[in-house]
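# Working through the structure, step by step
What follows is the residue order along each chain.
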Amino acid sequence: MKLAALARRMAALLIVPVAASAAQEPTFEPPIVGSTMATVMPHVPSAAGDPCIVTLFQDQPVGEAIDSTPIVGQVRYNYTPPPGCQGPWAKVVLKVDVTESGTGPYYDSSKVYVRLGGVDLFEGSMTKLGTHPTWQGERDITDLSALLAEAHKGQFALIPETDMWPGNSQNASATLSARVYFYRASVATPAQKVPDAVFRVIPQDGQVTLPHNIVRAYLDIYNQEARWYTCVPDQELYPQSPFWSPLAMGGETKSGISVPGQGCGGGSFAQIEVSIDGTPAGVAPVFPLLSADLNFYYANTANAPEQPPQMLAYTPYRVDLTPFAAILNEAGEHSISLSRPANAYLLLYQDKGSNHVSGAVTLNTLAGSASAPTVVDGLQTNDDVRSGDVTTRLDRDFRIKGFVMTSHGRVDSSVHQTSHFSNTQQFFVDGLVFPNYRHYRQHLWIDSSTQQHSRRLRGNSVLDDDVLTASYPLDLLYDMDGYVFEDEVMLVQPSKGSATVAQQRNLDATYQHHGFGTYTSRVRESFNSSRTHDILHQQDSNWQSQAQYRFTDSQGSCYQSAMTALDGAVATQARGVGCGDHNHVRWHAHSDGSPDSLGWTH
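Described in the following lines is the structure provided in the data block. Owing to the predicted nature of the structure, the values given are computational and were not obtained by experimental measurement. (Residues numbered from 1 in each chain as written. Predicted model: local features only at pLDDT ≥ 70, side-chain atom pairs only at ≥ 80, totals over all residues. Heavy atoms only, no water.)

Here we take up the overall build of the protein chain. Of the regular secondary structure elements, the protein chain holds three helices and 33 strands. Each of the 602 residues in the protein chain was classed as buried or not, and the buried ones make up 57%. Taking contacts inside the protein chain between residues at least 6 apart in sequence as the whole, the part at least 24 apart equals 76%. When the accessible surface of the protein chain is split by element, carbon and sulfur atoms take 51% of a total near 23400 Å². (Helix = DSSP H or I, 4+ residues; strand = E, 2+ residues; numbered from the N terminus. Buried < 20%, exposed > 50% of the residue type's maximum accessible area, 1.4 Å probe, protein only. Contact = heavy atoms within 4.5 Å. Areas by Shrake-Rupley, 256 points an atom, 1.4 Å probe, with all protein chains shown as cover.)

Right, let's get into the pattern of salt bridges. Counted by the stated rule, this structure contains 22 salt bridges. In this structure, arginine 318 and aspartate 143 form a salt bridge, with 3.0 Å as the shortest nitrogen-oxygen distance. Of this pair, arginine 318 sits in strand S18 (residues 317–320) while aspartate 143 sits in the loop between strand S8 (134–140) and helix H2 (145–148); the two residues are 175 residues apart in sequence, bridging distant segments of the chain. Of the residues examined, aspartate 143 reaches a relative accessible area of 10% and is grouped as buried. With a shortest N-O distance of 2.7 Å, lysine 352 and aspartate 196 are connected by a salt bridge. Of this pair, lysine 352 sits in the loop between strand S20 (344–350) and strand S21 (358–364) while aspartate 196 sits in the loop between strand S10 (174–184) and strand S11 (197–201), and the two are 156 residues apart along the sequence. Residue class for lysine 352 comes out exposed when judged on its relative accessible area of 66%. (Salt bridge = Lys/Arg side-chain N within 4 Å of Asp/Glu carboxyl O.)

Moving on, we come to the packing of aromatic side chains. Tallied over the entire structure, the rule returns 18 aromatic pairs. Aromatic pair tyrosine 77 and phenylalanine 156: ring centres 6.4 Å apart, planes at 35°, arrangement tilted. A residue pair is termed long-range when its members are at least 10 positions apart, and tyrosine 77 in strand S4 (residues 75–79) and phenylalanine 156 in strand S9 (residues 152–160) qualify at 79 residues. The same class applies to tyrosine 77 and to phenylalanine 156, which are both buried. Note on phenylalanine 296 and tyrosine 297: the rings are 4.7 Å apart at their centroids and 90° apart in plane angle, and the pair reads as edge-to-face. Judged by relative accessible area, which is 16%, tyrosine 297 ranks as buried. Among the aromatic residues, those joined into a cluster by ring pairs are Trp228, Tyr229, Phe269 and Phe421. Its guanidinium or amino end placed over the ring of tyrosine 113, arginine 115 lies 4.0 Å from that ring's centre, counting from NZ or CZ. (Phe/Tyr/Trp six-rings, centres within 6.5 Å; stacked < 30°, edge-to-face > 60°. Lys NZ or Arg CZ within 6 Å of the ring centre and 35° of its normal.)

Let us now look at the environment of alanine 48. Mapped onto the elements, alanine 48 comes out in the loop between helix H1 (3–11) and strand S1 (52–62). Residue classification places alanine 48 among the partly exposed positions, given a relative accessible area of 37%. Sequence spacing of alanine 48 and alanine 90 is 42 residues, and the spatial spacing of their C-alpha atoms is 8.6 Å. Excluding residues within four positions of it along the chain, alanine 48 makes contact with Tyr183, Arg184, Ser186 and Thr189.

We now examine the sheet that holds strand S7 (residues 119–125). The sheet built from four strands is open, its strands ordered S4-S9-S6-S7 with antiparallel pairing. Looking at the sheet topology across the chains shown, the edges are occupied by S4 and S7. Averaged over all neighbouring strand pairs, the angle between strand axes comes to 20°, with direction disregarded. As defined by bridge partners, strand S6 (residues 110–116) adjoins S7 across six bridges and the pair is classed as antiparallel. Opposite valine 114, over in S7, you have phenylalanine 122 as the bridge partner. (Pairing = 2+ DSSP bridges. Axes fitted to C-alpha atoms, helices over the stretch in contact; angles between N-to-C directions.)

Further remarks concern the sheet that holds S11. As a general point, the strands of a sheet are linked pairwise by backbone hydrogen bonds and lie either parallel or antiparallel. In space, the four strands of this open sheet follow the order S11-S20-S13-S18, with antiparallel pairing throughout. The outermost strands of the open sheet, each flanked by one partner alone, are S11 and S18. Looking at each pair of strands side by side, their axes are set apart by 25° on average, direction ignored. Relative to S20, S11 runs antiparallel, the two sharing five bridges. When the sheet's bridge partners are listed, phenylalanine 199 is paired in S20 with leucine 346.

Moving on, we come to the pairing of strand S32 (residues 558–566). Working note: regular strand, side chains alternate between the two faces of the sheet. Where burial is concerned, most of S32 is hidden: eight out of the nine residues are buried. Summarising the sheet, strand S31 (residues 539–553) and S32 pair through nine bridges and their orientation is antiparallel. Across the sheet, the residue bridging to glutamine 548 is alanine 562, located in S32. The hairpin turn running from S31 into S32, its antiparallel successor, is four residues long, and glycine 556 in that turn takes a positive phi close to 95°. For S32 and strand S33 (residues 569–575), the ladder comprises six bridges, and the chain directions are antiparallel. For threonine 564, the partnering residue across the bridge sits in S33 and is threonine 572.

All right, on to the state of the cysteines then. In the structure shown here, the tally under the stated rule is three disulfides. Covalent S-S linkage joins cysteine 52 and cysteine 85, the inter-sulfur distance amounting to 2.1 Å. One quick way to see it: the torsion about the S-S bond of cysteine 52 and cysteine 85 is about 90°, and its sign makes the bridge right-handed. Here the residue cysteine 52 occupies a position in strand S1, and cysteine 85 occupies one in the loop between S4 and strand S5 (89–100), the gap between them amounting to 33 residues. The same class applies to cysteine 52 as to cysteine 85, namely buried. Here cysteine 231 pairs with cysteine 264 through a disulfide, and the sulfurs are 2.0 Å apart. Of note, the bridge from cysteine 231 to cysteine 264 carries an S-S torsion of about -95° and is left-handed in sense. Placement of cysteine 231 in the loop between strand S14 (224–226) and strand S15 (271–276) and of cysteine 264 in the loop between S14 and S15 is noted, with a sequence separation of 33 residues between them. For cysteine 264, a relative accessible area of 9% gives the class buried. (Disulfide = S-S within 2.5 Å.)

And the structure:
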C-alpha cells in the first residue's frame, strides 16, 4: 500500500451500516475518554439464567519476582466440576483477569497461558502499559465441555511471547485470576452438542492414544506469532550485519552494558503444517501478531491505548482433520505434530453406536506439494547503503478426502483449502558496519488469506458444508535513526523511531448443517496507528490510532465498536453504529471470531 493511501486510512473511521434485528445487548464497558488502556473487542455473550461459577485461582502472583519473592515456572491449581451443575451445558465461558506488575524495556514481551489437563484454555500477550495495567480476556470454551466434566490439575504461567531470542528471556510479573461460568441448559438456550473428547497435542511429535470410533476430528491451534514477518533471509544475516543491529525491529533484552542486536533470520514466511503419523494432514496460517514493543528502545510502539488485533486474547484457528478419522481409529499411538511451536488441542466426535469405525483416506494432494515459498532477494549495496526489496510468496491449493463406515452407514468427508501469502519488505539501511549504523528503514506489506472448505456426505445427503475464509493483511512502516556514543565501548543508540501500522483480521464463515439450513457470520476488525518517538528527549509526535470491530450473522446479531486515540489516550468512542444504535448478539454467536461448531443447531 502506498503512503498516501495509508494516510487516508488513518484519517477517518469507516463505519458501514448493516441491518439491525432483535437480540440482547451484551455486557460491555465502553472505553472511557481519556483512559490509557481500552479495547473494542466484544465480550462473549452469555446464555439465559444465572451461571454456576468455578474459580480456578484468585489473585495469584506469577512471573520472575513479585515483592522480591521469586516465582519460578508454572503455578499449579486444582479444578473440580461445579457441584449440582452437571452438563450438558448451554454455554461455558472462561474469564481471565490480569494485573501486570513488571514493565519497562528490560522485560521481554510475554504472554499469559492457562492450562487444564494439559490443554491450553487461554493465551494472551502482556500489554506493558503504564503502572500495573489491568485487563480481562475471555473465551467461549463450550467445545471443551468433555474436559470440564472431570476433575483435572491445571497450570498457569508467563512465558516469552516468541522463542526467537530464547537466551535473553526476562519475563514480566503479574497477578492472575480465572473463573469459569457454566450456563445451564434451558428452553431458550438448549444444551449444545459438543465434541466427545479433547486431547492435548504437543507441537513436536506428540504421541496420543485415541478411541477407535472417531467420525470427526478437528485441531484448534493458537496460530498467533510475533516478529517472524520482520525477519530477513539467512544470507543477509551475516556477522556485522546491519540487519541484526540495535536499529532493527526485534525483541532482545539488554545484557550488561551491551546494546542488544535486534533483527532475525530465517525469512519472512510462516505457516503451521500438521502431520498425522508423518503424513501431511493440514495447514494453518500464522497470524502476524504485533508485539507491545517493536524495538528494545521503542516501547509500546502501537498498542497505547488500544491493543492490536488478537493481542489480549488469542483465538484458535481450527483445522479440519476429519478425512483422517479412519487413520486415527487404527490401533496404537498416533503422532500428531506441528511444524512450528504452537499450542493446540484435538477435538473428537465419536460414533455412539460402534466401538470401532473403519475407513480410509482416498485422496491427499497436500502430501508432496510445494511448501516452501519463492523468495526474491533484491537487496544491493551502494557505498555505505544497502537497499532494495525482498519478496516472499507462496500459493497453495490442496484436497484431502476420506470416509468412515459408521453405525449409520458410510460418511464421506473432504477438505479443499486454498491460500495465498505474499510479504514485500522494502529496506534502506544507512551504515553497514558497526558502530556506524545511522538509519534503518523497513517497510513491509503482507497479504495473507486462507479458505478452508469442508464437506460431509451420507450418500447424496449433505450433512455439513462449511466454508471459512481468514484474511490477515498487515502494512508496517518502520524507521529508526541512531547515533554513536562512547561509554567504555563504542555503542549505537537509537535516537528516533517512527512506525505506521495498518492491520486487519477478516473472517467470513458459511455453515450449512443438515436439517438446519445455512448460517453465516462475519468479523471485520481493523487497527491503524502512527507514532514518532524521540528517544533522546522522550517526546512523541503524530501519535494517533483508530480501531474498529464489527460482527454480524444471519441470525440477527450485530455488534460494532470503534475508538480513536490521540497521544496515548482515548479521544472518541462509538458503539452500535449501524446496529440500530445498540449492539445485540445472540447467545450462541461467536462474536470474537472463534471456531464455531454449531452445537446449538439441534
